[in-house]
Amino acid sequence: LRAETGPIGGNLSHEFQILAKTGESTLYYDKKLETLNPETIDPNELQSFYAAVDDQHDEKNCPISNEDLKISKGIEVGHIFYFGTKYSEKLNAFVQNKSGKNIPVHMGSYGIGVSRLVGGIIEASHDEKGIIWPDSVAPFGVAVVNLKPGSDVCDKACQSLYDELKAIGIDPMLDDRDERPGAKLAAMDLIGIPWQIVIGPRGMENGMVEVKRRKTGEIQEVSPSEALKLVTGLSRKKIGAR
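Residues numbered from 1 in each chain as written. Predicted model: local features only at pLDDT ≥ 70, side-chain atom pairs only at ≥ 80, totals over all residues. Heavy atoms only, no water.

Draft legend 1. How the structure looks around helix 4 (residues 181-191). Every buried residue of helix 4 is listed here: Lys184, Ala187, Met188 and Asp189. Lining the buried residues of helix 4 we find strand 9 (130-131), strand 10 (142-146), strand 11 (172-175), strand 12 (195-199) and strand 13 (209-213). (Buried < 20%, exposed > 50% of the residue type's maximum accessible area, 1.4 Å probe, protein only. Helix = DSSP H or I, 4+ residues; strand = E, 2+ residues; numbered from the N terminus. Contact = heavy atoms within 4.5 Å.)

Okay, structure coming up:
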């Protein structure tokens, strides 16, 4: 969205916003933007749509009708500035062009608000139980949850799965806290790790564990070896491999 350049200067800047009800920015944009496929949109076509933050929106001179204008809140996660030659001329930052003439370089700055980005991701991907981390940015790919720490069979199964996940390049989290099972499962949903492998004494009597996909809530009871296949069905990169 077109934005104010502020004290940094230059005559052009754009913000990158994530739509969020709790955002501090007010956004004005063509409602057609919400129907575009970001994977296939032509950048030139994208630039033809109207979008501006509150201090750049002129209600009287808005180029689109009220019927097509969408107003939402957003969280700013990035900002780019075009400085032109404002600073390069003062810094004597020149390069030779193909004619051998010294010309000032054109400058810009590109910033990403890391803490804002985390907040924006959570705001865009959550439910009433907690965070739903996208696979590509999850702090861990898989959570191995021991419902009965101190149980020899549960401890061994959890450690074995944890070690196997590490060995194939997936970054797992092991929850072996001495806590009630219900509290553990609620905490796992709150934290929002993409996959949960839940191991308890009742399931281990039959050599079975539960695998839960946080995004869909789907739960499957399978063997430990099948659990590994399920959580590694996506590429390692996508489920938290480091």
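Draft legend 2. Looking closely at a nonpolar patch on the surface. There is a patch of nonpolar side chains on the surface, built from Ile112, Val114, Leu117 and Val118 and spanning about 360 Å² of accessible area. Looking at which element gives the most residues to the nonpolar patch, the answer is helix 2 (residues 114-124), with three residues. Following the sequence through the fold, Val114 ends up in helix 2. Exposure remark for Val114: the relative accessible area of 62% places this residue in the exposed category. (Patch = residues over 30% accessible without salt bridge, like charges linked within 9 Å, V, L, I, M, F, W, Y side chains within 5 Å. Areas by Shrake-Rupley, 256 points an atom, 1.4 Å probe, with all protein chains shown as cover. Salt bridge = Lys/Arg side-chain N within 4 Å of Asp/Glu carboxyl O.)

Draft legend 3. Representation of the sheet that holds strand 12 in the model. Read from one edge to the other, the open sheet built from five strands follows the order 11-10-12-13-14, with strand pairing classed as mixed. Of all the strands in the sheet, the pair left with one neighbour each is strand 11 and strand 14 (219-222). Looking at each pair of strands side by side, their axes are set apart by 20° on average, direction ignored. Relative to strand 14, strand 13 is paired through four bridges, and the arrangement is antiparallel. In the sheet register, Val209 faces strand 14, and the bridge partner there is Val222. The sheet contacts of helix 4 involve strand 10, strand 11, strand 12 and strand 13, and relative to strand 10 the element is tilted by about 170°. (Pairing = 2+ DSSP bridges. Axes fitted to C-alpha atoms, helices over the stretch in contact; angles between N-to-C directions.)

Draft legend 4. Geometry of the pairing of strand 10. Here strand 10 lies mainly inside the structure; five of its five residues are buried. Burial along strand 10 is two-sided: the face carrying Val142, Val144 and Asn146 and the face carrying Ala143 and Val145 are both buried. Pairing of strand 10 with strand 11 involves four bridges; the strand directions are parallel. Residue pairing for strand 11: Val144 is matched across the bridge by Leu174. A crossover connection joins strand 10 to the parallel strand 11 through helix 3 (residues 152-167); in handedness this β-α-β unit is right-handed. Pairing of strand 10 with strand 12, which is carried by five bridges, proceeds in the parallel orientation. Considered in strand 12, the bridge of Asn146 is made with Ile199. (Right-handed = clockwise from strand over helix to strand, strands pointing away.)

By themselves, these figures tell us nothing about what the structure is for.
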